[in-house]
Amino acid sequence: MTVWDDLVGQIRVQEQLAAAAKDADALVTAVSDGKPLDQGSKMTHAWLFTGPPGSGRSTAARAFAAALQCTSPDRALGGAPGCGFCDGCHTSLIGTHADVEIIRTDLLSIGVKETRDLVRRAQLSPAVGRWQVIVMEDADRLTEGAGNVLLKAVEEPAPRTVWMLCAPSLEDVLPTIRSRCRHLTLSTPPVEAVADVLIRRDGVDPERAHSAARATQGHIGRARRLATDERARARRAAVLKVPLRVADVGGCLKAAQELIDTATEDAKQMAEEVDAKETEDLKAALGGVAGGRMPRGTAGAMKELEDKQKRRKTRTQRDSLDLALTELTGFYRDVLALQLGSRLAIANVDVQDSLDRIAESSTPAATLRRIESVIACREAMDRNVAPLLAVEAMTMALRAG
């Protein structure tokens, strides 16, 4: 099993990364032996992985990081880096390698302070590996100030440092940064490929794997969660009932409130799992005693943690709502396909009766307006409109058609 096995349906990207990893291996060997560098090398110091949600951007970046740190003896015999079994590959993939930093945020943005810390780390030489690798999974969440801090590091990189930035599209990254990166564009993987990886790697029942892959339209992470989490399946089933519940104003308002309540409950459950441990760990680090008062001068640190946890809760609620809106968009996309007699595969075959009812009782024009109302709701929340107001406006628009 190589490091590329989890990169689903991305043959071209895999070939490019494998070639770059091989050149990177040769480059390090040449430097160690005092030989001249190959000017035609496919390796570079900054990479930008883009692609739709679920395409495997971070998976590709992690696999590449593992291949760069591969210590398999087969490399000396002409083998390709990225065996998947050596210590370098294994620790890179699970996130414990000393020279591979995986940056992801559960907050709304990545600020200047965190980025400066990363830039300082990027100037260090590798401690145990062959490269110092920084993988930023949410590069689209950099604030403008943080992006300017990162730009300097990308412009003048340390000799053995590699930056790997992940974002949904090129437009989500500052032009000055993306112009200094090598671009790799991933596509949505085929449904069959996603189902295959769920069966092979996660041991999911084939029928459930295919159903989850089809329902999520090739989104690997969502498909895995839907196939393995009963709560996720129940939440999706509730969301897909919304189109049938907006027949009157009362139904619209009730459906909107339930969507908000579900998202709030998701955020609360995550907070209960993480916040208590974070708080206790910080209290212990600051010298607090269980059940006693905190030492003087520690109130600022505790307040900073509380603010971080509040921002994370907001991000979790928005992510949960965004997922519900994505599923609603998929529902109406299926309705439109039925109305137009398209040969496009239906994603939500498990609610075929609901799709048929909505398709028969409305027109393609009305369905398009409903899809636009869901998109408008997402845009409103991006502009920090109160979630309940945005969702209520959407459900009223779904009723009007």
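In case you missed it, the structure is sitting above this.
My aim in this report is to walk through the structure given alongside it, one point at a time. Since the structure is predicted, the reported quantities are computational estimates derived from the model, not experimental observations.

### Examining the overall build of the protein
Counting its secondary structure elements, the protein contains 15 helices and five strands. Taken over C-alpha atoms, the radius of gyration comes to 24 Å for the protein, in line with the 21 Å a tight globule of 401 residues would show. In terms of principal-axis extent, the alpha carbons of the protein reach across some 75 × 60 × 40 Å. Within the span of the protein, comprising 401 residues, buried residues form 45% of the whole. As presented, the protein carries roughly 20,100 Å² of accessible surface, and 53% of it is formed by carbon and sulfur atoms. Of the charged side chains in the protein, 54 are positive and 55 negative, and the gap between their average positions amounts to 2 Å.

### Some remarks on a nonpolar patch on the surface
Together, Val249, Leu253 and Met396 make up a nonpolar patch on the protein surface, roughly 210 Å² of accessible area in all. As for its position among the elements, Val249 is in helix H11 (residues 249-285).

### Considerations on helix H3 (residues 87-94)
Residues of H3 that are buried: Gly88, Cys89, Thr91 and Ser92. Against the buried residues of H3 lie helix H2 (57-68) and strand E2 (100-103).

### Some words on the sheet that holds E2
The five strands lie next to each other as E2-E3-E4-E1-E5, forming an open sheet whose pairing is parallel. Two strands bound the open sheet, and with one partner strand each, they are E2 and strand E5 (182-185). Pairwise comparison of adjacent strand axes, ignoring direction, gives a mean angle of 15 degrees for this sheet. When strand E1 (residues 46-50) meets strand E4 (residues 161-167), the two strands line up parallel, connected through five bridges. By the bridge assignment for E4, Thr50 is matched with Ala167.

### Notes on the packing of aromatic side chains
Summed over the entire model, instances satisfying the criterion amount to two aromatic pairs. On the numbers, 5.0 Å between centres and 75 degrees between planes, the contact of Trp47 with Phe64 is edge-to-face. Highlighted residues: Trp47 in strand E1 and Phe64 in helix H2, separated in sequence by 17 residues. Between Phe331 and Tyr332, the aromatic rings sit 5.4 Å apart at their centres with planes inclined by 85 degrees, giving edge-to-face as the arrangement. According to the relative accessible area criterion, Tyr332 is buried, its value standing at 1%. Geometry around Trp47 places Arg182 over its ring, the cationic atom sitting 5.3 Å from the centre.

Reading the values: the criteria
Residues numbered from 1 in each chain as written. Predicted model: local features only at pLDDT ≥ 70, side-chain atom pairs only at ≥ 80, totals over all residues. Heavy atoms only, no water. Helix = DSSP H or I, 4+ residues; strand = E, 2+ residues; numbered from the N terminus. Rg over C-alpha atoms; globule rule 2.2 N^0.38 Å. Buried < 20%, exposed > 50% of the residue type's maximum accessible area, 1.4 Å probe, protein only. Areas by Shrake-Rupley, 256 points an atom, 1.4 Å probe, with all protein chains shown as cover. Lys, Arg positive; Asp, Glu negative; His and termini not counted. Charge placed at Lys NZ, Arg CZ, Asp CG, Glu CD. Patch = residues over 30% accessible without salt bridge, like charges linked within 9 Å, V, L, I, M, F, W, Y side chains within 5 Å. Salt bridge = Lys/Arg side-chain N within 4 Å of Asp/Glu carboxyl O. Contact = heavy atoms within 4.5 Å. Pairing = 2+ DSSP bridges. Axes fitted to C-alpha atoms, helices over the stretch in contact; angles between N-to-C directions. Phe/Tyr/Trp six-rings, centres within 6.5 Å; stacked < 30°, edge-to-face > 60°. Lys NZ or Arg CZ within 6 Å of the ring centre and 35° of its normal.

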